[in-house]
Amino acid sequence: MVKIEQRKIESTLEKSRRRFTLAFYNLENFFDIKDDPYLLDDDFTPKGFRKWNNSKFGKKVKKISKAISKIGLDDSDHPPVLVGMAEVENKDVVLALLHSKKLRNFNYDVIHFDSPDERGIDTALIYDKDHFLVLHSETIPLMVQNTNGQRDFTRDILYVHGKLHQEEIHVFVNHWPSRREGAEETGYKRIKAAETILQRIRDVKSKEPNTIIMGDFNDDPNSESIQTLMGSGMFINPMQKLLSPESGSANYRGEWSLFDQILISHSFLNYKKGTHSFVKAKIFSPRFLKEWEGRFKGNPFRTFAGSKYLGGYSDHFPVYIVLDEN
């Protein structure tokens, strides 16, 4: 009986060692404290509207690195091998995370490019070099216009081609145009973003490339932009069932949304040796990432609520998927 239980434990441990997580996290205005004269970042400086200083920045680094270090530990024995990020000002703020106490012992590196976003918020991808090899990376400009005919200088799409263990994968990290002027009024921009990704995938010289599309899409799973991706027939959206009136990745005026999603190609549903197969998708929302009391109890514990500094993590929960290595 003891030997049977021991074998079960060993089997479980072996399975966890072959199980990996990939995550996405919108970090809510992760700025340094320096004033960049070419960006609209004045609010996030010591003399700016939000009085953003070394103390607040240090607390943000400590909290975000803690969150990343714990994502998916219920499903794997180590933090995510890939983490896509949104709302980072530059490479330096991401490196501050990687050099933090919670993450410095992992073999993480970062891919980041400056985007034309006028506020200077970009996307980035951190990856564990023990598990992922970068073959190529670039930005894909999102060419959209405002209704006045002028270009909307929004975030580029980050594209990374690499090897997850021995399997080649193509990763797109996104932060699509906001809904600030209205969901319907700006919807065409996010549809254009979906079409831009589909065109780039068609350019990949492979019959069925292993593709992961992650990001803050500023649209829910049933929105037309996401359905544009799904309509290609190339993807499944494991996040589809995670949105409900009681749960999501962000909450605005009492209503949950699931703008943060990870879509995967059908190729992750196979079990061929040397490949990775999809297991599950989750919203990472432990108690320490939530408001504990009051009218916003259960919502993401954010850094700012309007102009008020709360000192929390982010106004979004991270999301992640679990893959088995076959």
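What counts and how
- Residues numbered from 1 in each chain as written.
- Predicted model: local features only at pLDDT ≥ 70, side-chain atom pairs only at ≥ 80, totals over all residues.
- Heavy atoms only, no water.
- pLDDT = per-residue confidence, 0-100.
- Contact = heavy atoms within 4.5 Å.
- Pairing = 2+ DSSP bridges.
- Helix = DSSP H or I, 4+ residues; strand = E, 2+ residues; numbered from the N terminus.
- Axes fitted to C-alpha atoms, helices over the stretch in contact; angles between N-to-C directions.
- Salt bridge = Lys/Arg side-chain N within 4 Å of Asp/Glu carboxyl O.
- Buried < 20%, exposed > 50% of the residue type's maximum accessible area, 1.4 Å probe, protein only.
- Arc of directions from axis to C-beta.
- Polar contact = N/O pair within 3.5 Å; in protein donor to acceptor, adjacent residues only side chain to side chain.
- Expected span 1.5 Å × (residues − 1).
- Phe/Tyr/Trp six-rings, centres within 6.5 Å; stacked < 30°, edge-to-face > 60°.
- Lys NZ or Arg CZ within 6 Å of the ring centre and 35° of its normal.

J.: Please clarify how the confidence of the model for the protein should be interpreted in this entry.
T.: In low-pLDDT regions, the fine details of the predicted coordinates are not to be read closely. Per-chain confidence: the protein averages 93 in pLDDT, with 94% of residues scoring 70 or above. Scored below 50 in pLDDT, residues 6-13 shows zero contacts in the model against residues more than four places distant or in partner chains.

J.: Is there a simple way to explain the sheet that holds strand E2 (residues 82-88) in this structure?
T.: Two orientations exist for strands paired in a sheet by backbone hydrogen bonds: parallel and antiparallel. Overall, mixed pairing links the six strands, which are arranged E3-E4-E2-E1-E16-E13 in an open sheet. In this open sheet, the two edge strands, each paired with only one partner strand, are strand E3 (108-112) and strand E13 (276-283). Averaged over all pairs of adjacent strands, the angle between strand axes in this sheet comes to 20 degrees, irrespective of strand direction. Pairing geometry for E13 and strand E16 (residues 319-325), over seven bridges, is antiparallel. When the sheet's bridge partners are listed, Ile-283 is paired in E16 with Val-319.

J.: What exactly am I supposed to notice about the pattern of salt bridges here?
T.: Oppositely charged side chains may form a pair once their charged atoms are brought near each other. Under the defined criterion, the tally for this structure stands at nine salt bridges. Between Lys-282 and Asp-75 there is a salt bridge; the shortest N-O distance is 3.1 Å. Taken together, the residues Lys-282 in strand E13 and Asp-75 in the loop between helix H2 (54-70) and E2 connect sequence positions 207 residues apart. By relative accessible area, Asp-75 is classed as buried at 9%.

J.: Please clarify how helix H3 (residues 91-98) should be interpreted in this entry.
T.: Structural remark: α-helix, 3.6 residues per turn; residues separated by three or four positions point the same way. Regarding H3, the residues found buried are Val-93, Val-94, Leu-97 and Leu-98. Taken end-on, H3 shows its buried residues confined to a sector of 150 degrees, consistent with a single buried face. Buried-residue contacts for H3 involve strand E1 (19-30), H2, E2, E3 and strand E4 (122-128). Where H3 starts, the residue carrying a side-chain oxygen 3.1 Å from the main-chain nitrogen of Asp-92 turns out to be Asn-90.

J.: Help me understand H2, please; the structure alone is not making it clear to me.
T.: With 17 residues, H2 ought to run about 24 Å at 1.5 Å a step, and its terminal C-alpha atoms sit 24 Å apart, in line with that. All of the buried residues along H2 are Lys-56, Phe-57, Lys-60, Val-61, Ile-64, Ser-65, Ala-67, Ile-68 and Ser-69. Against the buried residues of H2 lie E1, E2, H3, E4 and strand E15 (308-309). Among the residues of H2, the N-terminal cap falls to Asn-53, whose side-chain oxygen and the backbone nitrogen of Ser-55 are separated by 3.2 Å. Gly-72, located one to two residues past H2, shows a positive phi value of around 80 degrees.

J.: What is the right way to look at the packing of aromatic side chains in this model?
T.: Aromatic ring pairs are defined here through the distance separating the ring centres and the angle between the ring planes. Taken as a whole, this structure holds 15 aromatic pairs when the rule is applied. Measuring from centroid to centroid gives 5.9 Å for Tyr-127 and Phe-132, while their planes differ by 65 degrees, and the two rings are edge-to-face. The burial state of Tyr-127 is the same as that of Phe-132; both residues are buried. Members of the aromatic cluster, each reached through a chain of ring pairs, are Phe-31, Phe-44, Trp-52, Phe-304 and Tyr-309. It is Lys-66 that lies over the ring of Phe-288; its NZ or CZ is 4.5 Å from the centre.

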